[in-house]
Amino acid sequence: MQMGFWEQLKKEHRGDGNPFFALAPMADVTDVAFRSLFVKYGKPEVLWTEFVSSDGLASAGREVLKRDLEYTEGERPIVAQLFSSNVEKMRQAAKFVAELGFDGIDINMGCPDKSIEKQGCGSAMIKTPEIAALIIQATKDGILDAGKNIPVSVKTRVGYNNVEIGTWIPFLLSQDIACLTIHARTRKDLSKVPAKWEYVKEVVAIRDKMNIPTLIIGNGDVENLEQGRKLAKETGCDGIMVGRAAFGNPWLFAGTTGKQVRKNFIGNFFAPVRTFIFSLIGKKNRYWLKNTKDIPTEEKLRVLIEHSELFEKKLGDVKNFAIMKKHFKAYVHGFPGSKELRVRLMDEGNSATLVRQIITEFLTKK
C-alpha cells in the first residue's frame, strides 16, 4: 500500500485527540482562490480540490476542466478529487492528474447529487461495489502509467438508504487505500439529520480489527477545531474534515490552534514575554491567538474583497462570478447593517470591482 504523505501525517498526529485537519472538497467552493485564503490565514494539514469529472478530463474538454485542478505550491499536500464509473476514463484521468504533480488522488464515492448519481458515481457507487473496486484499481493503474507513486484515497458515506458499515466499509478497506474519509450519514440522510459520529467509531474499530494502516478521517457537522479534537478522541479517527464551517472563515484552522500555541509555548509567562512571542508569530497570523468570532467586521469585509479579486483573477475567464455570491452570506452577517449590505451585494455585486465599491461605501458610512 502506497501511503505517501499520509504516513508523515500519521507520525505527526499520533495520540488520542490529536488529529490532523482537512478542508473538505466542495463543488464550486474549494477552488484555487478559496484555498489560497486558507494558505494565507490558517492552513489545515491537507487540502482537497473540488471534485472533477474524470470523464471530462479524458475528453476534448480537458483544458477547461484543468482549471479546476489549478493549485499553488503553498497548498501541499494537495489532493485531487475525481469521480467516474468508467474504468478506462478513470485511468486516463488519474494519469493526467498524477502528471500535474498532486500529492494524492481521492475518489468521490459519497456525493448525493442526482446528476452525479445518474452517471453511476458519487453515492451510487455504494450500490455497485464491483465497479467501485475497478475504479480504485484504474486510479492506481493511471498513477503508475504516469510513472508516479502517489496514494489513493476514498471519500464516502456509511450507506445508501440504510447504514451499511458492516459490508461497505470492510469492502473499501480491503482495496489497499491509504485513507478513507467517512461522512457520518447515509446518502438518504443528505444533510437533513445530524451526523452520527458513532458510525466513525465503528469504522475505526473495523479498520483496527483488519489490522491495516489505512487512515480514517471523520466528516460531518464539525464547527471548529476544539470540537474536532473532541470527536477524534471519542472515535479514534486519525483526521477531521471540515466543510460548511469553512465558508467565510479562512481563519478557521488557525483560531483554535492559537489556544494550543498558548498552552505549549506561552504558558503563564508575563505579558511582555507573551507580546514578544506574538511578534515572532508575525502580522499575517495575528488572529491565531484570537477566537475567530472576534475578528473585526472590517477585516472580514476586506477578506471578502480579497476573495472576490482572487476569484476573478484566477478563474474569471472560465467561471461565472455569480459563484462568488454563495460566499456573501458567510462573510456578511452578525454585525449592524449586515442584512442591507448582503442584499446589495447579492443584487449588484456582479464583479470584484463592484464588490469593492459596495463594501467601501458601506464602511465609509459606518
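The structure presented is a predicted model; accordingly, all values stated were derived computationally and were not measured.

Cut-offs applied
- Residues numbered from 1 in each chain as written.
- Predicted model: local features only at pLDDT ≥ 70, side-chain atom pairs only at ≥ 80, totals over all residues.
- Heavy atoms only, no water.
- Helix = DSSP H or I, 4+ residues; strand = E, 2+ residues; numbered from the N terminus.
- Areas by Shrake-Rupley, 256 points an atom, 1.4 Å probe, with all protein chains shown as cover.
- Polar contact = N/O pair within 3.5 Å; in protein donor to acceptor, adjacent residues only side chain to side chain.
- Core = buried A, V, L, I, M, F, W, Y, C linked by side-chain atoms within 4.5 Å.
- Buried < 20%, exposed > 50% of the residue type's maximum accessible area, 1.4 Å probe, protein only.
- Contact = heavy atoms within 4.5 Å.
- Phe/Tyr/Trp six-rings, centres within 6.5 Å; stacked < 30°, edge-to-face > 60°.
- Lys NZ or Arg CZ within 6 Å of the ring centre and 35° of its normal.
- pLDDT = per-residue confidence, 0-100.
- Pairing = 2+ DSSP bridges.
- Salt bridge = Lys/Arg side-chain N within 4 Å of Asp/Glu carboxyl O.
- Expected span 1.5 Å × (residues − 1).
- Arc of directions from axis to C-beta.
- Axes fitted to C-alpha atoms, helices over the stretch in contact; angles between N-to-C directions.
- Parallel < 35°, antiparallel > 145°, perpendicular 65-115°, else oblique.
- Left-handed = near helix turned anticlockwise from the far one by under 90°.
- Nonpolar A, V, L, I, M, F, W, Y, C, P; charged D, E, K, R; others polar.
- Disulfide = S-S within 2.5 Å.
- Right-handed = clockwise from strand over helix to strand, strands pointing away.

Draft legend 1. Region of the structure containing the overall build of the protein chain. Summing up its helical and strand segments, the protein chain has 17 helices and nine strands in all. For the protein chain, the accessible surface area stands at approximately 16,400 Å², while carbon and sulfur atoms represent 52% of it.

Draft legend 2. Looking closely at the side chain of Gln175. Residue position: Gln175 is located in the loop between α8 (165-173) and β7 (179-183). Among the polar contacts listed, one links the side chain of Gln175 to the side chain of Ser174, at a separation of 3.2 Å.

Draft legend 3. Looking closely at unusual backbone geometry. In this chain, Arg76 is followed by Pro77 through a cis amide linkage whose omega measures -5°. Topologically, Pro77 is positioned in the loop between α4 (62-65) and β4 (78-83). Of note in this structure, Asp28 is not a glycine but carries a positive phi near 55°. Even without a glycine there, the phi angle at Asp176 is positive, about 55°.

Draft legend 4. Highlighting the nonpolar core. By size, the foremost hydrophobic cluster in this structure holds 64 residues, and its most contacted members are Met109, Ile169, Leu180, Ile216 and Ile240. Among the elements that line this core, the one with the most residues is helix α5 (residues 87-99), at six residues. Filtering out sequence-adjacent residues up to four positions away, Met109 remains in contact with Gly122, Ser123, Met125, Ile126, Ala132, Ile136, Val154, Lys155, Thr156, Arg157, Trp168 and Leu172.

Draft legend 5. Examining the side chain of Asp238 more closely. One can find Asp238 in the loop between α10 (225-235) and β9 (239-242). Beyond its immediate stretch of four places on either side in the chain, Asp238 contacts Pro19, Phe20, Arg207, Thr214, Leu215 and Ile216.

Draft legend 6. Seen up close, the packing of aromatic side chains. Within this structure, the stated rule accounts for 13 aromatic pairs. Against the face of Phe96 rests Arg62, its NZ or CZ located 4.1 Å from the ring centre. Residue placement shows Lys127 over the ring face of Tyr160; its charged tip is 4.4 Å from the ring centre.

Draft legend 7. Here's a closer look at the environment of Leu231. Considering the arrangement of structural elements, one finds Leu231 in helix α10. Given a relative accessible area of 11%, Leu231 falls into the buried group. Spatially, the C-alpha atoms of Leu231 and Trp197 are 7.5 Å apart, while their sequence positions differ by 34 residues. Leave out the neighbours within four places in its chain, and Leu231 touches Trp197, Val222, Gly236 and Ile240.

Draft legend 8. Structural view of the confidence of the model for the protein chain. Mean pLDDT over the protein chain stands at 89; residues scoring 70 or higher make up 88%. In this model, residues 256-292 is a region of pLDDT below 50 whose contacts with residues beyond four sequence positions or in other chains number 41 contacts.

Draft legend 9. Representation of the pairing of β9 in the model. Covered by surrounding structure in β9 are Gly239 and Met241 together with Ile240 and Val242, the residues of both alternating faces. Pairing geometry for strand β1 (residues 20-23) and β9, over four bridges, is parallel. Residue pairing across strands places Ala22 opposite Met241, the latter belonging to β9. Bridging between strand β8 (residues 215-219) and β9 involves three bridges; their strand directions are parallel.

Draft legend 10. Main features of the pattern of salt bridges. The full count for this structure, using the stated rule, is 23 salt bridges. A salt bridge links Lys319 to Glu50; the nearest nitrogen and oxygen atoms lie 2.8 Å apart. With Lys319 in the loop between α14 (297-315) and α15 (325-331) and Glu50 in the loop between β2 (46-48) and β3 (52-53), this residue pair connects regions lying 269 residues apart in the sequence. Take Lys319 and Glu50: they sit in the same class, and that class is buried.

Draft legend 11. Spatial organisation of helix α9 (residues 198-210). The terminal C-alpha atoms of α9, which comprises 13 residues, lie 19 Å apart, in line with the 18 Å expected from a rise of 1.5 Å per residue. Looking at α9, one finds that the buried residues are Tyr199, Val200, Val203, Val204, Ile206 and Arg207. On an axial view of α9, the arc spanned by its buried residues comes to 160°, and they lie on one face. At its buried positions, α9 is contacted by α8, β7, β8 and α10.

Draft legend 12. Quick look at the packing of helix α16 (residues 338-348) against helix α17 (residues 352-365). Orientation of α16 relative to α17, taken along the N-to-C sense of each, is 155°, at an axis distance of 10 Å. Judged on the interaxial angle alone, α17 and α16 are roughly antiparallel. The two elements α16 and α17 cross, and the hand of that crossing is right-handed. Each of Leu341, Arg344, Leu345 and Glu348 in α16 lies in contact with α17, whose residues at this interface are Leu354, Val355, Ile358, Ile359, Glu361 and Phe362. For the contact of α16 with α17, a count of residues per class yields seven nonpolar, no polar and three charged.

Draft legend 13. Inspection of the state of the cysteines at higher detail. Summed over the entire model, instances satisfying the criterion amount to zero disulfides. Residue Cys111 stays outside any disulfide, its sulfur separated by 9.5 Å from that of Cys121, the closest cysteine. Exposure remark for Cys111: the relative accessible area of 12% places this residue in the buried category. Taking relative accessible area as the criterion, Cys121 reaches 1% and is therefore assigned buried.

Draft legend 14. Seen up close, the pairing of β7. Within β7, five of the five residues are buried, which leaves the element mostly enclosed by the surrounding structure. Of the two faces of β7, both are covered, the one formed by Cys179, Thr181 and His183 as well as the one formed by Leu180 and Ile182. The pairing of strand β6 (residues 152-157) with β7 spans five bridges and is classified as parallel. Considered in β7, the bridge of Arg157 is made with His183. For the crossover from β6 across α8 to β7, the handedness is right-handed. A crossover links β7 with its parallel partner β8, the connecting element being α9, and its sense is right-handed.

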